Every structure is written in structure tokens, then in C-alpha cells.
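Chains, contacts and geometry: an overview
Letter by letter, the chains look like this.
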Amino acid sequence: MKNNLKRKNVEFEFDNVDRKTLAQIFLESKFSALTTDPRPAQPYDPSPRVVFESVSAGTPCLLSDLVRVHDGAKRFSFFYEHQNRNSFLDMMNRVSHFDISSLSKESHDYASREYTMENACKTAYNDIMETIK
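Everything quoted here is computed from the prediction, not taken from an experiment. (Residues numbered from 1 in each chain as written. Predicted model: local features only at pLDDT ≥ 70, side-chain atom pairs only at ≥ 80, totals over all residues. Heavy atoms only, no water.)

1. Points about the packing of helix α3 (residues 49-57) against helix α5 (residues 100-114)
Where we set the bar: Interaxial angle, 0 to 180 degrees, is taken between N-to-C directions of lines fitted to C-alpha atoms, where a helix line uses only the stretch in contact. Secondary structure elements are taken from DSSP: a helix is a run of H or I of four residues or more, a strand is a run of E of two residues or more, and numbering for both begins at the N terminus. Roughly parallel means an angle under 35 degrees; roughly antiparallel means over 145; roughly perpendicular covers 65 to 115; every other angle is labelled oblique. When checking whether two residues touch, look at their non-hydrogen atoms; a contact exists if any pair is within 4.5 Å. Here the nonpolar group is Ala, Val, Leu, Ile, Met, Phe, Trp, Tyr, Cys and Pro; Asp, Glu, Lys and Arg are the charged ones; every other residue, Gly included, is treated as polar.
Following both chains from N to C, one finds α3 and α5 inclined at 110 degrees, their axes separated by 6 Å at the closest point. By the angle class used here, α3 and α5 are roughly perpendicular. On the side of α3, the interface is formed by S54, V55 and S56, while α5 contributes S107, H108, Y110 and A111. A breakdown of the residues in the contact of α3 with α5 according to their chemical character gives three nonpolar, four polar and no charged.

Pasting the structure below:
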């Protein structure tokens with residue numbers, strides 16, 4: 001990734017980030033993006049924590065269709081077909097027509113109500129019970 005960024009003259013920084021700084025970065029961002037293929041690393045539960053963190057911060061997500069997310073987070077996510085340039089460009093076009101400020105507020109309000117420890121445990125319990133049926 002670093003080689004590709006250098007070749008394209010894209011300024012970047014890779015570093016360890018503490019939780020407080022990460023929270024500030026989310027709050028200052030207009031979007032988060034997860035464009036990787038989660039299957040090799042997370043074949044059984046490719047639902048990354050970053051989506052919950054982004055929605056909680058009021059930061060909508062740009063995601064590959066391979067990334068599984070909680071149903072509630074889908075409202076605040078823009079999906080494209082993995083490795084399909086036209087699908088990605090279509091998604092970016094859709095994003096450009098959204099009121100991101102309003103979506104950001106809705107995202108934060110939703111997460112403040114729904115992403116609680118009680119709800120997370122209830123969802124996990126229901127998912128487990130559904131799987132063993």
C-alpha cells in the first residue's frame with residue numbers, strides 16, 4: 001500500500017493511534033472507508049468494529065459489499081461491488097447527492113440509542129440462538 005501511495009504521490013501517514021486521537025479523527029472526518037476484502041482474515045464474522053465506531057461518531061461509511069454490517073448501520077453506509085470500478089464510481093456519485101451533515105447527525109443519534117452494551121448483548125444472544133436452531 002505504501003508503495004502505491006508513493007507512486008501516486010499521495011501524502012500518507014501510518015502510525016499507532018491512541019483511542020482519544022482516533023475518536024477525534026472520526027469526529028473530524030466526513031467518511032470512513034473500508035475497501036478491503038475481509039474474507040481471508042475474518043471468514044466467519046467479517047463485521048468490523050470500525051463500522052460501529054464510525055456510525056457512533058456520526059461518520060458515514062464507504063464499504064465494499066463484502067463487508068457485513070449490522071442492519072442499523074446500513075442506513076449510514078454506502079456500498080459498492082467489490083473490485084468493480086464502475087460500481088465504486090456509481091456509489092461515489094450517490095454519496096455526492098446526500099446531505100452528509102444531516103446523515104451524520106442521524107448516524108450519531110441512532111448509535112447513541114442503539115449501540116449500548118445491553119443492545120449488543122441482546123443482539124449477540126439472538127444471533128447465537130438463530131444459528132443453533
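2. Description of helix α4 (residues 85-96)
Defined as follows: Expected span of a helix, by definition, is 1.5 Å for each gap between consecutive residues, and there is one gap fewer than residues. A simple rule labels every residue: compare its accessible area, found with a 1.4 Å probe on the protein chains alone, to the largest value its type can have, and call it buried under 20%, exposed over 50%, or partly exposed in between. The arc in question is the one spanned by the directions pointing from the helix axis to the C-beta atoms. Counting of polar contacts relies on pairs of N or O atoms within 3.5 Å, with two restrictions inside protein: one atom must be capable of donating a hydrogen and the other of accepting it, and residues adjacent in sequence are counted only when both atoms are side-chain atoms.
A rise of 1.5 Å per residue sets the reference length of α4, with its 12 residues, at 16 Å; its end C-alpha atoms lie 17 Å apart and thus fit the reference within 8%. Taken together, the buried positions of α4 are S87, M91 and V95. End-on view of α4: buried residues confined to an arc of 85 degrees, all on one side of the axis. Exposed and oriented more than 90 degrees from the buried face of α4 are R85, N86 and S96. The elements touched by buried residues of α4 are β2 (61-64), β3 (77-80) and α5. Capping the start of α4 is the job of one residue whose side-chain oxygen sits 3.0 Å from the backbone nitrogen of N86: N84.

3. Some details on the packing of aromatic side chains
Condition: Under the pairing criterion, centres of Phe, Tyr and Trp rings, with the six-membered ring standing for Trp, must be within 6.5 Å; the plane angle then separates stacked pairs below 30 degrees from edge-to-face pairs above 60, leaving the rest tilted.
Here the structure, examined in full by the defined rule, presents six aromatic pairs. On the basis of an interplanar angle of 45 degrees and a centroid distance of 5.6 Å, the ring pair of F76 and Y110 is categorised as tilted. With a gap of 34 residues between them, F76 in the loop between β2 and β3 and Y110 in helix α5 connect regions that are remote in the sequence. The burial state of F76 is the same as that of Y110; both residues are buried. On the numbers, 5.1 Å between centres and 90 degrees between planes, the contact of Y80 with F88 is edge-to-face. Using a relative accessible area of 7% as the deciding quantity, one classes Y80 as buried.

4. Quick look at the sheet that holds strand β1 (residues 32-34)
Short version of the rule: A pair of strands is considered paired only if DSSP assigns at least 2 bridges between the two.
Read from one edge of the open sheet, three strands run β1-β2-β3, paired in parallel fashion. Strands at the two margins of the open sheet, each flanked by one partner only, are β1 and β3. Pairs of neighbouring strands in the sheet enclose a mean axial angle of 20 degrees, with direction left out of account.

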